[in-house]
Structures are given as C-alpha cells and as structure tokens.
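An overview of the molecular structure
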Amino acid sequence: LRSRQGPHLRLAGGGAGIINFCANNYLGLSSHPEVIRAAVEALEKFGAGLSSVRFICGTQSIHKDLEEKIARFHQREDAILYASCFDANAGIFEALLTPEDAVLSDELNHASIIDGIRLCKANKYRYKHMDMQDLEAKLKEAQKHRLRLVATDGAFSMDGDIAPLREICQLAQKYDALVFIDECHATGFLGPNGRGTDELLGVMDKVTIINSTLGKALGGAAGGYTTGPKPLIDLLRQRSRPYLFSNSLPPAVVGCASKALDLLMESNAIAQSMAAKTQRFRSKMTAAGFTISGKDHPICPVMLGDARLASVMAEDMLNRGIYVIGFSYPVVPKGKARIRVQISAVHSDEDIDRCVEAFTEVGRKHGAL
Ligand code: PLP
C-alpha cells in the first residue's frame, strides 16, 4: 500500500482508486482525522515510547486513563493493556489456570487462544465448533476439576458467525464454569452500543473475561487488553508474562485507541452506518446468487468451495479495482474456499454496489454463478 489504510487505496504496483474490502477497519477509524490528531498530540506530549515495561517506569497517566476507559466501555471493573491481543491471549490462561483446572475451547478459536492454552498446564478440552451438545458433554467430563473456563471467539473471523453466548452462559451456570470471550471482531460495533457480542446477546453480566484488540475497529494501530473483575486484572499485573516482560504501548498508539473509544461512547452512528452497509452488501450478493456465510456481521465470506476458483476470482476482482482476498485450505477446511469481504463504515453505497457488480461479472466469467 502506498496510501493510508482506508476504503480507497493506492497500491505499490501503480494501481490507484482501488476499493479495499479486506481490512479489519470496520468503523473506518484507522485514518479518522480526530484519531490521527490524538496520536500526534500524545506523541508530542508523552514522547515516542517508554523504553520500559509497565511496572518499572513504563506507566504514564494515559495508560491508566485508557485502562479505565476500556473497563468503562465494557462495563467491567478493570482492564489491563498489552502490546497486542495475541499477547493478551498468550498471557491469560497460564496466569489463571493451574493443573487442577480445565479449559474448554471451541475448535475454531483463533490461533492466539490456541497458543495461550498450549502455554498453560490446565486440562484441555476441545469442543466442536459452536456445538452446545458437545460443550455440555465436555463440561460434564470436566466436573472433576477445580475450576472450569469456557473459551470462545465472540465472532469468528473466517466465517463471520457469532458464538451462541446465551447458551454457552446457561451451560456455564449449570456446570459452574467461567466464560472467556475474544472480541477482536466484535468490539466497537456488535450490539446496540457497539460493546460487543455479550451486549448483542444480552449476557454482559454473565461473561466474566473479555480479551480484545485495539488493532482493528478501535483505530487499528496496535494493542490489546483484558477486561473483567478487578482481582483477575490484579492477578494478571502480577503474573502475566507478556505484560510483565514486554515494552509499554507507545503514547501515539494509546492516543489513537483512547480517541476511538471517545468517538464510540459519544454516538453509535458509525456502527449503525457500518451495519446498514453490511446489510446492503449481504442482501445484494444473495440476490445475485452468491452464498454468504454468517449473519449480520461485516465479515462476509463469499463461499466458493474450490481453492483455485477463489484465487483466480480474487485476482480478477483486483483487476476490476476491488481488493479482496481468497482463503483456502489450510486456513479454512478443504472444500470450503472463499473470498472474505469485510465491510467498513467508510465504504459508500456506491463502493458496495461496485463490489457487487464486480463479483457478478467475475462470478459469471468463472462459472461461480
Ligand atoms: N484474536 C482474534 C480473534 C484475532 O482475529 C486476532 C487478530 O488477527 C487476534 C486475536 C490478535 O490480535 P492482535 O492483532 O491485537 O494481536
């Protein structure tokens, strides 16, 4: 890319006016003028970086302010910042769970959850994707352990599907388990006020732990966090290795995220605009004859099946000025190749319509329609 992240790109190969449909920039805040200004102000006032981890001399007032703001946004007691959500996921399971405990994880959870679980010594159960019967069976089996933690992505990034959190929380209550969700593809835009999957499904008071990223909808710079009960956050500050042994978030990055949260707490107009555009894309593509996986989520996987078809169609879309990426095995299961389209609040209706038109042309040319 030779331009800022946004709906319209200039590419290194000379392509200009390319419409971007493959960023996690769901709310279009990555290049929002107020977000950029907040980063510049934080950079000037607080410097380029801390040259320190948080607990030595790497905590500035803005780090504490952002943690407080994140907790308020999610209506939780406290929050802790990490350099990334990958780090937040790598740091939580080992700090929280002992060999006497159990963790129950959806088989399609993000790689960072899988790695985080690998690092802990708890007993590991993997349940079939969003399969509540299987989760219940595993919870029964796990009754023999001291503590049970169910871990799931709130929204799954390859399929745009949303975890059945109401049912998960009911099972967790029945079998005395805690619920952890990764909200990277939900924070800022799912639910009436963009709080995430737990708000969307009415279980904000039942999900105990949330991990999420500052690197997608919330300004897109970098950073991750855990938010939840204060004793848990206190424990992570004492024990979580990626927090203890990695440099503090740079001030400019903190400035971006903080401003993004301000914008979202002032109004949910941006999230609503994204939802309307998602609806436009999904309904027009379905009417054109495509199968779009998931429901109401800005991740709109155009299901094609064949890996080569996904790859040549994505290439042809770029020739028509639409930037999308094809995914095939091993990133997704064999025979389930797709082109993943991601909608942003800053796409215009015309951008969406151009994307649908290009898909229709390319789909006809390659026999996908
Ligand atoms: N969890 C999920 C579900 C993600 O999609 C990602 C990013 O791809 C991460 C965690 C890692 O987030 P970060 O980029 O902040 O490390």
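Residues numbered from 1 in each chain as written. Predicted model: local features only at pLDDT ≥ 70, side-chain atom pairs only at ≥ 80, totals over all residues. Heavy atoms only, no water.

Here's the deal with the nonpolar core
Just so we agree on the cut-off: We define a nonpolar core as any set of buried Ala, Val, Leu, Ile, Met, Phe, Trp, Tyr and Cys residues linked to one another through side-chain atoms lying within 4.5 Å. Residue exposure (1.4 Å probe, protein chains only): buried if accessible area is under 20% of the type maximum, exposed if over 50%, otherwise partly exposed. Only DSSP runs of H or I covering at least 4 residues are called helices, and only runs of E covering at least 2 are called strands; the numbering of each starts at the N terminus. An automatic or database domain assignment supplies the residue ranges for each domain.
Leu27, Leu66, Ile70, Phe189 and Leu214 are the most contacted members of the largest nonpolar core, which totals 34 residues. Those elements that provide at least two residues to this core are helix H1 (33-46), helix H3 (61-74), strand S3 (78-82), helix H11 (251-266) and helix H12 (269-288). Among the elements that make up this core, the one with the highest residue count is H11 (nine residues). Structurally, this core is a two-domain feature, drawing no fewer than three residues from each of domain 1 (8-31 + 269-366) and domain 2 (33-266).

As for the packing of helix H4 (residues 85-96) against helix H5 (residues 111-118)
Definition in use: All axes are obtained by fitting lines to C-alpha atoms, using only the stretch in contact for helices, and the reported angles, taken between N-to-C directions, cover 0 to 180 degrees. Here roughly perpendicular refers to angles of 65 to 115 degrees, roughly parallel to angles under 35, roughly antiparallel to angles over 145, and oblique to all remaining angles. Handedness of a crossing is defined here by the sense of rotation of the near helix relative to the far one, left-handed for an anticlockwise turn of less than a right angle and right-handed for a clockwise turn. Contacts are residue-level and defined by heavy atoms, with any inter-residue pair within 4.5 Å sufficient.
Put simply, H4 and H5 touch, their axes get as near as 7 Å, and they point 30° apart. In this view, H4 runs roughly parallel relative to H5, as classed from their interaxial angle. Handedness of the crossing formed by H4 with H5: right-handed. In contact with Phe86, Asn89, Ala90 and Phe93 of H4, H5 contributes Ser112, Ile113, Asp115, Gly116 and Ile117.

Observations concerning the domain arrangement of the protein chain
Let me state the cut-off plainly: In short, buried area is how much 1.4 Å probe accessible area vanishes from two parts on joining, totalled over both. When a carboxyl oxygen of Asp or Glu is within 4 Å of a side-chain nitrogen of Lys or Arg, the pair counts as a salt bridge. Gly counts as polar in this scheme, as do all residues outside two lists: the nonpolar Ala, Val, Leu, Ile, Met, Phe, Trp, Tyr, Cys and Pro, and the charged Asp, Glu, Lys and Arg.
Looking at the assigned domains, one finds that the protein chain contains domain 1 (8-31 + 269-366) and domain 2 (33-266). On a C-alpha basis, the centroid separation for the pair domain 1 and domain 2 is 27 Å. Between domain 1 and domain 2, the residue contacts involve 21 residues of the former and 22 residues of the latter. Interface area, domain 1 with domain 2, both sides summed: about 1,700 Å², of which 63% is carbon and sulfur. At the junction of domain 1 and domain 2, the tally comes to one salt bridge. Its salt-bridge partner being Asp159, residue Arg338 comes within 2.7 Å of it at the nearest N-O pair. Elements represented by at least two residues in the side of domain 1 that touches domain 2 include exactly H12, strand S10 (299-305) and strand S13 (337-342). Here the residues of the side of domain 1 that touches domain 2 sort into eleven nonpolar, seven polar and three charged.

Some thoughts on the site of the ligand
Operational definition: The nearness test applies per residue and asks whether one of its heavy atoms lies within 4 Å of the molecule or strand. Polar contact is defined as a pair of N or O atoms within 3.5 Å, subject to the rule that within protein one atom must be able to donate a hydrogen and the other to accept it, and that residues adjacent in sequence are counted only when both atoms are side-chain atoms. The protein chains shown are the only cover counted for residues, whose accessible areas, like all others here, come from Shrake-Rupley with a 1.4 Å probe.
Neighbouring residues of the ligand: 13 residues in total, closest Cys85, Asp182, His185, Thr213 and Lys216. The separation between an oxygen atom of the ligand and a polar main-chain atom of Phe86 is 2.9 Å. One of the side-chain nitrogen or oxygen atoms of His185 is found 2.7 Å away from an oxygen atom of the ligand. In isolation the ligand exposes 390 Å². Once the protein is present, 81% of that is buried. Top contributing element to the shell around the ligand by residue count: H4, with three residues. Classifying every residue of the shell around the ligand gives three nonpolar, seven polar and three charged.

A short note on the sheet that holds strand S8 (residues 209-213)
The condition is simple: Any two strands are treated as partners once DSSP identifies two or more bridges connecting them.
The strand order across the open sheet formed by seven strands is S3-S9-S8-S7-S6-S4-S5, and the pairing between neighbours is mixed. A strand with exactly one partner marks an edge of an open sheet, and here the two such strands are S3 and strand S5 (123-127). Taking each pair of neighbouring strands and ignoring which way they run, the sheet shows an average axis angle of 20°. Sheet analysis places strand S4 (residues 102-106) next to strand S6 (residues 148-153), joined by four bridges and oriented parallel. In the strand pairing of S6, Val103 is matched with Leu149.

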